[in-house]
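A look at the structure
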Amino acid sequence: GESVGLHLPTLSVQEGDNSIINCAYSNSASDYFIWYKQESGKGPQFIIDIRSNMDKRQGQRVTVLLNKTVKHLSLQIAATQPGDSAVYFCAENKIQGAQKLVFGQGTRLTINP
Amino acid sequence: DARVTQTPRHKVTEMGQEVTMRCQPILGHNTVFWYRQTMMQGLELLAYFRNRAPLDDSGMPKDRFSAEMPDATLATLKIQPSEPRDSAVYFCASGFEVSGRAFFGQGTRLTVV
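Figured I'd write up the structure that's included with this text. Computed from a predicted structure; not experimentally measured. (Residues numbered from 1 in each chain as written. Chains lettered and ligands numbered in written order. Predicted model: local features only at pLDDT ≥ 70, side-chain atom pairs only at ≥ 80, totals over all residues. Heavy atoms only, no water.)

1. Considerations on the overall build of chain B
When helices and strands are counted, chain B shows zero helices and 11 strands. Since a compact globule built from 113 residues should have a radius of gyration of about 13 Å, the 13 Å found for chain B is in line with a globular shape. Viewed in the frame of its principal axes, chain B has a C-alpha envelope of about 40 × 30 × 25 Å. Looking at chain B residue by residue over its 113 residues, the buried ones come to 48%. Counting only contacts in chain B whose residues sit at least 6 apart along the sequence, the fraction spanning at least 24 positions is 53%. Of the side chains in chain B, 13 bear a positive and 12 a negative charge, and the two mean positions are spaced by 5 Å. (Helix = DSSP H or I, 4+ residues; strand = E, 2+ residues; numbered from the N terminus. Rg over C-alpha atoms; globule rule 2.2 N^0.38 Å. Buried < 20%, exposed > 50% of the residue type's maximum accessible area, 1.4 Å probe, protein only. Contact = heavy atoms within 4.5 Å. Lys, Arg positive; Asp, Glu negative; His and termini not counted. Charge placed at Lys NZ, Arg CZ, Asp CG, Glu CD.)

Below you can see the structure in the form of structure tokens.
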């Protein structure tokens, strides 16, 4: 079945360090994999996505890596800042047929000063 | 700055009452999602619309929940009758069919007492 899960529920890093958040997925038919950031009291905010035919995509301070061999997705945040503190969700989306945007449970990232 | 708008932001109601949550998707988006977020279950997909047609509502309790899109600018989620276990934050999101990303509203925090 379809499921998206996360390896760690919490992650603490020092300000300025790099963060890596990991995610495992099980639906090989997904077309996109997406990372969202959710701050307290707000809705999830899109960060970056990657198509299933890619293995790496970079954005501003963020990089997403996709390893289809082991069905693993990761989000790397460079030079973390206090504003990066939030819950991060990975999600997968299959856009053909009955589209479903399915979310994992989330990882809480805390940035220590 | 285009955004998904949800009303109300907060709703407290008594068990057995009808609750209606509204969502205005971003103009031009052709997909709309409804999610429910709780601490225990995370982000659960309740319903999905493409071009206003319901494509998937398998995650929604059919006996009490209903989702509609009367027009392209309005999506509604109704609960009748409401129960305490329905207490959660309900999110609406919209996007384009061919893209992996969806944009979320601020959510409606529902408390059923």
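Further notes follow.
2. Here's the deal with the sheet that holds strand S1 (residues 5-7) of chain B
All names here are of chain B. Read across the open sheet, the four strands follow the order S1-S3-S8-S7; overall the sheet is antiparallel. Strand pairing shows two members of the sheet lacking a second neighbour, S1 and strand S7 (65-71), which therefore form its edges. Taken over all neighbouring pairs, the strand axes of this sheet differ in orientation by 20° on average, direction set aside. Pairing of S7 with strand S8 (residues 74-79), which is carried by five bridges, proceeds in the antiparallel orientation. When the sheet's bridge partners are listed, Asp 71 is paired in S8 with Leu 74. (Pairing = 2+ DSSP bridges. Axes fitted to C-alpha atoms, helices over the stretch in contact; angles between N-to-C directions.)

3. Description of the interface of chain A and chain B
You'll often see interface size given as the accessible area lost when the parts meet. Each partner contributes residues to the interface: chain A has 20 residues there, and chain B has 24 residues. Around 1,800 Å² of area is buried between chain A and chain B when both sides are counted, 48% of it from carbon and sulfur atoms. Here chain A and chain B share one salt bridge between them. A:Asp49 serves as the salt-bridge partner of B:Arg101, at 3.7 Å between the closest nitrogen and oxygen. Where chain A packs against chain B, one counts three residue pairs in polar contact (both at pLDDT 80 or more). Elements with a contribution of two residues or more to the side of chain A that touches chain B: strand S4 (32-38), strand S5 (45-51), strand S9 (86-94) and strand S10 (100-103) of chain A. A total of four residues in the side of chain A that touches chain B trace back to one element, the largest contributor, which is S4(A). Per-class residue counts for the side of chain A that touches chain B are nine nonpolar, seven polar and four charged. (Buried area = accessible area lost by both parts, 1.4 Å probe. Salt bridge = Lys/Arg side-chain N within 4 Å of Asp/Glu carboxyl O. Polar contact = N/O pair within 3.5 Å; in protein donor to acceptor, adjacent residues only side chain to side chain. Nonpolar A, V, L, I, M, F, W, Y, C, P; charged D, E, K, R; others polar.)

4. Focus: the state of the cysteines
Residues and elements named next belong to chain B. Evaluated as defined, the whole model comprises two disulfides over all chains. In this model, Cys 23 is linked to Cys 92 through a disulfide, with the two sulfur atoms separated by 1.9 Å. Between Cys 23 and Cys 92, the S-S dihedral sits near -60°, and the bridge is therefore left-handed. Residue Cys 23 is found in strand S3 (residues 19-24), and its partner Cys 92 is found in strand S9 (residues 88-95); the two are separated by 69 residues along the sequence. (Disulfide = S-S within 2.5 Å.)

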